[in-house]
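Coordinates in review
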Amino acid sequence: MPVLVMKFGGTSVATLDRIRRAAKRVGVEVAKGYDVIVIVSAMSGKTNELVGWVNETSPLYDAREYDAVVSSGENVTAGLMALTLQEMDVPARSWQGWQVPVKTTSAHSQARIEEIPTDNITAKFGEGMKVAVVAGFQGVSPEGRITTLGRGGSDTTAVAFAAAFGAERCDIYTDVDGVYTTDPRVEAKARKLDRIAFEEMLELASLGAKVLQTRSVELAMRYKVKLRVLSSFEEQSDEAGTLVCDEEEIMESNVVAGVAFSRDEAKMTLVSVADRPGIAASIFTALSEGGVNVDMIVQNISEEGRTDMTWSCPTDQVMRAQKAVEAAKENGVINYQEVIADTDVAKVSVVGIGMRSHTGVAAKMFQVMSAEGINIKVITTSEIKISVLIDRKYMELAVQALHDAFDLDKAA
Ligand code: ASP
Ligand code: MG
């Protein structure tokens with residue numbers, strides 16, 4: 001039997017009623033002759049609640065216990081989905097990550113999947129089971145502890161199962177009907193894309209578009225998993241949603257495919273560090289060892305042998321970053337006057353594979369910022385994206401202005 005992976009996000013399993021709707025969608029695919037692997041998220045809001053409980057109990061928590069708590073939301077929905085399917089006379093059972101087992105690294109709260117043996121589930125399909133409902137987001141470490149894959153990790157679970165089982169497709173059911181040129185809540189003229197290239201999706205996801213976890217797109221690209229994003233709230237045809245696919249499968253596309261943004265950025269500056277060889281190495285080694293994900297970096301002009309070093313990182317890592325540089329200062333590894341954290345910034349980016357062959361995208365982006373009177377604090381670029389850090393209060397304005405300027409409301 002061909003295998004299909006169907007993943008339901010938090011809003012698609014938010015209530016018993018929605019679980020029933022999702023189960024009906026699964027029933028439709030079973031009727032077509034598929035063996036289905038369903039991956040479920042926790043009910044929407046549940047993971048946030050669990051994370052909140054952990055933080056309140058222990059701000060600098062033991063990540064192994066964080067995982068023990070935070071993985072539990074998916075256990076509930078997996079069991080409920082299996083029960084709902086059984087009520088519809090569809091032979092189904094649930095699997096927690098460790099039961100499959102989804103083997104991961106021991107990097108708690110950010111674990112990576114290393115291997116998914118297929119024999120257990122395949123044997124059950126052989127015995128007439130039609131649906132394996134798997135709790136997303138979780139796995140088991142070599143030490144036998146429960147791990148989680150980072151926020152949004154159920155997407156990665158889904159793609160990894162699709163790759164392991166050679167699934168015909170991996171359908172990601174969510175609360176939007178596809179991938180948009182930008183978030184429609186910020187720009188009403190945002191347009192749904194029928195197709196988007198893996199690389200563009202990868203950039204958009206890593207830049208803050210929350211529709212797919214970055215890692216899931218990386219995996220899909222590596223294993224050529226046909227990935228489809230679609231809504232669980234609408235009747236669906238086989239052509240619905242957005243297909244994330246190889247560049248070659250897309251005929252026409254705009255130079256810029258989309259505008260992404262991220263509110264959860266902080267800008268940090270070390271004031272007056274010695275401008276000498278090795279200083280960047282010392283600072284960023286300290287940050288990396290402190291578990292800080294540094295994104296953008298600028299080194300300011302040096303005066304009298306001193307310089308300022310600025311970087312951006314997620315807002316919730318500011319405390320870690322502060323601790324890391326303070327410790328490095330105490331140990332005499334670096335020396336600085338003070339460390340400043342600006343948590344009122346946002347990152348706005350434009351992304352498109354068309355940038356490889358078209359010039360002028362950066363110039364146009366900066367002109368748009370200038371025309372709106374928005375000051376740019378930090379800039380970074382790659383082959384297919386340009387990002388700027390700006391004051392958070394201008395984020396929506398910047399997204400709308402860029403969407404307009406690059407004509408993203410019109411198809412290519
Ligand atoms: N429930 C987890 C989260 O919210 C994983 C997921 O839904 O993908 O991050
Ligand atoms: Mg998600």
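See the structure shown above.
Presented here is an overview of the structure given in this document. (Residues numbered from 1 in each chain as written. Chains lettered and ligands numbered in written order. Predicted model: local features only at pLDDT ≥ 70, side-chain atom pairs only at ≥ 80, totals over all residues. Heavy atoms only, no water.)

1. Regarding the overall build of the protein chain
Formally: Per the convention used, a helix needs a DSSP run of H or I reaching at least four residues, while a strand needs a run of E reaching at least two, with both numbered from the N terminus. Just to be clear, the radius of gyration here is over C-alpha atoms, and the globule rule we use is 2.2 Å times residues to the power 0.38. Two residues form a contact once any of their heavy atoms are found within 4.5 Å. Each accessible area value is a Shrake-Rupley result obtained with a 1.4 Å probe; residue values ignore everything except the protein chains displayed when judging cover. A residue counts as positive if it is Lys or Arg and as negative if it is Asp or Glu; His and the chain ends are not included. Each charge is placed at NZ for Lys, CZ for Arg, CG for Asp and CD for Glu.
Check the secondary structure of the protein chain and you find twelve helices and 18 strands. Expected size for 412 residues packed as a compact globule is a radius of gyration near 22 Å; at 23 Å, the protein chain falls within 12% of this value. Referenced to the eigenvectors of the C-alpha coordinate spread, the extents of the protein chain come out at roughly 75 × 50 × 35 Å. Within the protein chain, contacts between residues separated by at least 24 positions form 74% of all contacts whose residues are at least 6 apart in sequence. Entry remark: accessible area of the protein chain is about 18,600 Å², with carbon and sulfur atoms responsible for 48%. Placing the 43 positive and 58 negative side-chain charges of the protein chain at their respective mean positions leaves the two points 2 Å apart.

2. Here we look at the sheet that holds strand S11 (residues 227–231)
This is how it is decided: A pair of strands is considered paired only if DSSP assigns at least 2 bridges between the two. Helix axes use the C-alpha atoms of the stretch in contact, all axes being lines fitted to C-alpha atoms, and the angles between their N-to-C directions lie in the range 0 to 180 degrees.
What the eight strands build is an open sheet, ordered S3-S6-S2-S1-S9-S11-S12-S10; its pairing is mixed. Both outer strands of the open sheet, strand S3 (92–95) and strand S10 (195–197), are each paired with one neighbouring strand and no more. Across the sheet, the mean angle from the axis of one strand to that of its neighbour is 20°, orientation sign disregarded. Of the pairings in the sheet, the one linking S10 to strand S12 (residues 242–245) comprises three bridges and is parallel in character. If you follow Arg195 over to S12, its bridge partner there is Leu243. Set on the sheet, helix H7 (residues 198–206) makes contact with S10 and S12; between it and S10 the angle comes to about 85°.

3. Considerations on helix H9 (residues 279–289)
Where we set the bar: Note on exposure labels: buried denotes an accessible area under 20% of the residue type's maximum, exposed denotes more than 50%, and partly exposed covers the range between, all computed with a 1.4 Å probe on protein chains only.
Taken together, the buried positions of H9 are occupied by Ile279, Ser282, Ile283, Phe284, Ala286 and Leu287. In the core, the buried residues of H9 are packed alongside strand S13 (258–274), strand S14 (297–299), strand S15 (306–314) and helix H10 (318–330). Gly291 sits one or two positions beyond H9 and adopts a positive phi of about 80°.

4. Here we look at the site of ligand 1
Selection rule: Proximity is defined per residue: if any heavy atom of the residue lies within 4 Å of a molecule or strand, that residue is considered near it. The term polar contact refers here to a pair of N or O atoms within 3.5 Å; inside protein, the definition further demands a hydrogen-donor-capable atom paired with an acceptor-capable atom, and it admits residues adjacent in sequence only when both atoms are side-chain atoms. Classification used: nonpolar for Ala, Val, Leu, Ile, Met, Phe, Trp, Tyr, Cys and Pro, charged for Asp, Glu, Lys and Arg, polar for all others including Gly.
Taken together, Ser41, Ala42, Thr47, Glu74, Phe137, Arg151, Gly152, Gly153 and Ser154 form the complete shell of residues around ligand 1. Measuring from a nitrogen atom of ligand 1, one finds a side-chain N or O atom of Glu74 at 2.6 Å. Look at ligand 1: alone it shows 260 Å² of surface, and the protein chains cover 87% of it. Residue composition of the shell around ligand 1, grouped by class: two nonpolar, five polar and two charged.

5. Concerning unusual backbone geometry
The omega torsion across Val100 and Pro101 is -10°, close enough to zero to call that bond cis. Mapped onto the fold, Pro101 is located in the loop between S3 and strand S4 (103–104). At Asp89, a position not held by glycine, the phi torsion is positive, near 65°. For Asp89, the position within the fold is in the loop between helix H4 (72–87) and S3. When its relative accessible area of 69% is taken as the criterion, Asp89 is described as exposed. Even without being a glycine, Lys224 presents a positive backbone phi close to 55°.

6. Concerning the packing of helix H3 (residues 63–70) against H4
In helix packing, the relevant descriptors are the interaxial angle and the interaxial distance, both defined with respect to the helix axes. Going by this rule: The scheme is simple: roughly parallel for angles under 35 degrees, roughly antiparallel for over 145, roughly perpendicular for 65 to 115, oblique for anything else.
H4 packs onto H3 with a crossing angle of 25° between their chain directions and a minimal axis gap of 5 Å. When the interaxial angle is binned, H3 and H4 end up roughly parallel. In this structure, H3 contributes Ala68, Val69 and Val70 to the contact, and H4 contributes Ser72, Gly73 and Glu74. When the residues that make up the contact of H3 with H4 are grouped by side-chain class, the tally is three nonpolar, two polar and one charged.

7. Some remarks on the pattern of salt bridges
Selection rule: Basic side-chain nitrogens of Lys or Arg form a salt bridge, by our definition, when they fall within 4 Å of a carboxyl oxygen of Asp or Glu.
All told, the structure shown has 28 salt bridges when counted by the stated rule. Of the charged contacts in the structure, one is a salt bridge between Asp246 and Lys224, with a shortest N-O distance of 3.2 Å. Pair noted here: Asp246 is in the loop between S12 and S13 and Lys224 is in the loop between helix H8 (214–223) and S11, with a separation of 22 residues, a long-range link. Here Glu396 ties to Arg263 by a salt bridge, and the two come within 3.1 Å at their closest N and O atoms. Of this pair, Glu396 sits in helix H12 (residues 395–405) while Arg263 sits in strand S13; the two residues are 133 residues apart in sequence, bridging distant segments of the chain. Of the residues examined, Arg263 reaches a relative accessible area of 39% and is grouped as partly exposed. If you follow the salt bridges from partner to partner, you end up with Glu199, Glu247, Arg356 and Glu383 in one network.

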